[in-house]
Amino acid sequence: MGEVFQEAPNKRRNELINKLIVHNIFKKGDKQLFELTLKELENEYYYIQKECHPHCDIGSIQWKNCSKLTS
């Protein structure tokens, strides 16, 4: 029964670690991500989301080699 209760937090920790890695965050201070608590990972992820512009995130459209159209 205890394993069921541990599965959800462990899954959430892994998701947060993967999302932070996508944003090129591998450590916080002198600790690796896997050494952080779930709360520390959530705080770091929410901080990154707050600082990140919504149109520069992974999966957004990135324009390259665009030139202005002249009429």
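In case you missed it, the structure is sitting above this.
Bear in mind the structure is a predicted one, so any value in this text is a computation, not a measurement.

(A) Main features of the overall build of the protein chain. A tally of helices and strands in the protein chain yields two helices and two strands. Shown N-terminal to C-terminal, the secondary structure of the protein chain runs as helices and strands in the order α-β-β-α. Taking the contacts inside the protein chain whose residues are at least 6 apart along the sequence as the reference set, 45% of them involve residues at least 24 apart. For the protein chain, the exposed surface amounts to about 6300 Å²; the carbon and sulfur share of it is 54%.

(B) Up close: unusual backbone geometry. Positive phi values are uncommon outside glycine, yet Asn24 reaches one of about 60°. Along the polypeptide, Asn24 turns up in the loop between α1 (2-22) and β1 (27-28). The exposure class of Asn24 is exposed, given its relative accessible area of 61%.

(C) Inspection of helix α2 (residues 38-51) at higher detail. Compared with the 20 Å implied by 1.5 Å per residue over 14 residues, the 20 Å span of α2 between its first and last C-alpha is a close match. Along α2, the residues classified as buried are Leu41, Glu42, Glu44, Tyr45 and Ile48. Projection of α2 onto a plane perpendicular to its axis shows the buried side chains occupying an angular sector of 165°, all on one side. The exposed set on the far side of α2, more than 90 degrees from its buried face, consists of Lys39, Lys50 and Glu51.

(D) Summary view of the packing of α1 against α2. At their nearest, the axes of α1 and α2 sit 10 Å apart, and the two run at 35° to each other. Of the two possible hands of crossing, α1 and α2 adopt the one that is left-handed. On α2, the residues touching Pro9, Arg12, Arg13, Leu16, Ile17, Lys19 and Leu20 of α1 are Leu38, Leu41, Glu42, Glu44, Tyr45, Tyr46 and Ile48. Residue classes in the contact of α1 with α2 are distributed as nine nonpolar, no polar and five charged.

(E) The pattern of salt bridges, seen in detail. If you walk through the whole model with that rule in mind, you get two salt bridges. A salt bridge links Glu44 to Lys28, with the nearest nitrogen and oxygen atoms 3.5 Å apart. In this pair, Glu44 sits in helix α2 while Lys28 sits in strand β1, placing the two residues 16 residues apart along the sequence. Of the residues examined, Glu44 reaches a relative accessible area of 14% and is grouped as buried. Its relative accessible area of 37% is what places Lys28 among the partly exposed residues.

So, how was this worked out
Within each chain, residues carry numbers counting from 1 in the order of the written sequence. In keeping with the model being predicted, local features are shown solely for residues with a pLDDT of at least 70 and side-chain atom pairs are shown and tallied solely at 80 or more, while totals for entire chains, interfaces and linings include all residues. In computing side-chain values, all of the structure's heavy atoms are included and hydrogens and water are not. Think of it this way: any DSSP run of H or I at least four residues long counts as a helix, any run of E at least two long counts as a strand, and we number them from the N terminus. By definition, residues are in contact when any of their heavy atoms lie within 4.5 Å. All accessible areas in this document rest on Shrake-Rupley with a 1.4 Å probe, and a residue is counted as covered only by the protein chains that are shown. Note on classification: 1.4 Å probe, protein chains only; a residue is buried when its accessible area is under 20% of the maximum for its type, exposed when over 50%, partly exposed between these limits. To estimate the expected span of a helix, count its residues, drop one, and scale the result by 1.5 Å. Think of it as the arc spanned by the lines of direction from the helix axis to the C-beta atoms. Every axis corresponds to a line fitted to the C-alpha atoms, with the helix fit spanning only the stretch in contact, and the corresponding angles, defined between N-to-C directions, vary from 0 to 180 degrees. For any pair of crossing helices, the crossing counts as left-handed if the nearer helix is rotated counterclockwise from the farther one by less than a right angle, and right-handed if it is rotated clockwise. Gly counts as polar in this scheme, as do all residues outside two lists: the nonpolar Ala, Val, Leu, Ile, Met, Phe, Trp, Tyr, Cys and Pro, and the charged Asp, Glu, Lys and Arg. Each reported salt bridge corresponds to a side-chain nitrogen of Lys or Arg within 4 Å of a carboxyl oxygen of Asp or Glu.

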